[in-house]
Amino acid sequence: MVRRGHIFLFDIIYTVILMIVAVAYLKCSNFQGWLPEVLRVPVQAAWFGALGGIIISLKGVYDHAGGKPANQWDNSYDLWHLGRPLSGAVAGGITYLLLRAINQSDHLTEPVVYAGAFILGTQERRFFNFLSEVGRLVVQVPDETKTPTFQLGTIQPAQGAAGETVLLCGHGFAPGLTVAIGGRPAGQVVVAADGTSVAGVLPAHDAGPVDIAITNPTGESATLPRAFTYIAPAP
């Protein structure tokens, strides 16, 4: 109970400080002149992010004001509450930078920046998700956007005898796919629903290494040269 009261008081004091800074910034021309124009929007975005951090901290205080045991105050979250204004300010500033990174024009709509900074200041999880998505757009490896193509990767096991079942792994397998082992069709071919594997029964063949070939109904084909070895059946 005492801890919750202290956190509530901390949030109120921090809110008052933010309001005093905002009034001083708006009313004092010297204060505005001291801040370079290039930093004006990011600093204001950080202010809105800090305010969002305080708001979500206050919501946590209200949501755990007693009552049911599940709603009791947990002291282990004290540092989370104390750090929310700072982490919210950081989220607000980074929000500005991220919007600049993904925006195609040189002009940002300031209300959008401030609203985004405030919202992400209240939602650290969404902020990190947003950060992850922007990072994916900015530093994305080209191959990451491509849908896996038709590909034959491995066969398991790599050796066996006629009548045994083998599993082929890869990508893009479709129902109706045919499997040829040593030039002879495999029996009882079953394709997995996700298209990443296919099972079949080995046809009769002389001992020794053979090629594995598969063909999709659409005409796509792939081959693993000498990837499987027939072994002579036990006498």
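Each chain has its residues counted from 1, following the order in which its sequence is written. Reporting of local features is limited, given that this is a predicted model, to residues whose pLDDT is at least 70; pairs of side-chain atoms are given and counted only at 80 or more, and all residues count toward the totals for whole chains, interfaces and linings. Only hydrogens and water are removed before side-chain values are computed, so all heavy atoms of the structure are retained for them.

Draft legend 1. How the structure looks around the overall build of the chain. Helical segments are the DSSP runs of H or I of at least four residues, strand segments are the runs of E of at least two, and each set is numbered from the N terminus. When helices and strands are tallied, the chain shows six helices and nine strands. Residue pairs at least 24 apart in sequence account for 62% of intrachain contacts in the chain once pairs closer than 6 positions are excluded. Contact definition: two residues touch when any of their heavy atoms are within 4.5 Å.

Draft legend 2. Broad picture of the sheet that holds strand β5 (residues 184-185). The five strands lie next to each other as β2-β9-β8-β4-β5, forming an open sheet whose pairing is mixed. Among the strands making up the open sheet, the edge pair consists of β2 (159-160) and β5. A pair of strands is considered paired only if DSSP assigns at least 2 bridges between the two. The pairing of β2 with strand β9 (residues 221-230) spans two bridges and is parallel. Its bridge partner lying in β9, Q159 is registered against T229.

Draft legend 3. Main features of empty space enclosed by the protein. A pocket here means an open set of points on a 1 Å grid, computed over the protein atoms alone, that has protein on both sides within 12 Å along at least five of seven lines. A cavity is instead a set of points where a 1.4 Å probe fits but cannot get out; residues with an atom within 4 Å of a point line either one. Grid points are joined across faces, edges and corners, and a volume is the space filled by probe spheres set on the points. The tally for this structure, following the rule as stated, stands at one cavity of 30 Å³ or more. Empty space within the largest cavity amounts to approximately 30 Å³. As for the largest cavity, its lining consists of V166, L168, V179, I181, A186, V198, A199 and G200. Breaking the lining of the largest cavity down by element, the ones donating at least two residues are β3 (165-171), β4 (178-181) and β7 (197-201). No other element matches β7, which puts three residues into the lining of the largest cavity. Residues are sorted three ways: Asp, Glu, Lys and Arg are charged, Ala, Val, Leu, Ile, Met, Phe, Trp, Tyr, Cys and Pro are nonpolar, and all the rest, Gly among them, are polar. Classifying every residue of the lining of the largest cavity gives seven nonpolar, one polar and no charged.

Draft legend 4. Inspection of the environment of R84 at higher detail. Looking at the secondary structure, you find R84 in helix α4 (residues 78-102). Distance from R84 to A50, taken between C-alpha atoms, is 7.4 Å for residues 34 residues apart in sequence. In contact with R84, not counting residues within four places along its chain, are G53, I56, S57, G121, T122, Q123 and E124. N or O atoms closer than or at 3.5 Å make up a polar contact, with two conditions inside protein: a donor-capable atom paired with an acceptor-capable one, and, for residues adjacent in sequence, both atoms drawn from side chains. A polar side-chain atom of R84 sits 2.7 Å from a polar atom in the side chain of S87.

Draft legend 5. Examining the pairing of β9 more closely. In this sheet, β9 lies alongside strand β8 (residues 208-215) in antiparallel orientation, the contact comprising seven bridges. The residue of β9 that forms the bridge with G208 is Y230. From the end of β8 to the start of β9, which pair antiparallel, there are five residues, and G219 there has a positive phi angle of about 100 degrees.

Draft legend 6. Region of the structure containing the nonpolar core. Within the largest apolar cluster, 19 residues are counted, with the highest numbers of intra-cluster contacts made by L152, L168, V179, I181, I212, I214 and F228. Of all the secondary structure elements, the ones that give two or more residues to this core are β1 (151-156), β3, β4, β8 and β9. A total of four residues in this core trace back to one element, the largest contributor, which is β9. Excluding anything up to four places from it in sequence, I214 contacts F150, L152, L168, F173, L177, T178, V179, E220, S221 and A222. Buried residues of nine kinds, namely Ala, Val, Leu, Ile, Met, Phe, Trp, Tyr and Cys, make up a nonpolar core once their side-chain atoms join them within 4.5 Å. Throughout this description, buried means an accessible area under 20% of the type-specific maximum (1.4 Å probe, protein chains only), exposed means over 50%, and partly exposed covers the range between.

Draft legend 7. Quick look at α4. For a helix, the expected span equals 1.5 Å multiplied by the residue count minus one. Here α4 contains 25 residues, and its C-alpha end-to-end distance of 35 Å stays within 8% of the 36 Å for a straight helix at 1.5 Å per residue. The angle between axes fitted to the seven residues ending at a residue and the seven residues starting there is what we call the bend at that residue. Roughly 45 degrees is the biggest bend found in α4, and it falls at R84, with proline P85 one to four residues downstream.

Draft legend 8. Up close: the pattern of salt bridges. By definition here, a salt bridge exists when the distance from a side-chain nitrogen of Lys or Arg to a carboxyl oxygen of Asp or Glu is within 4 Å. Per the stated rule, a full pass over the model turns up one salt bridge. Between E110 and R40 there is a salt bridge, with the nearest N and O atoms lying 2.7 Å from each other. Of the two residues, E110 is situated in helix α5 (residues 110-122) and R40 in helix α3 (residues 37-63); the sequence distance between them amounts to 70 residues.

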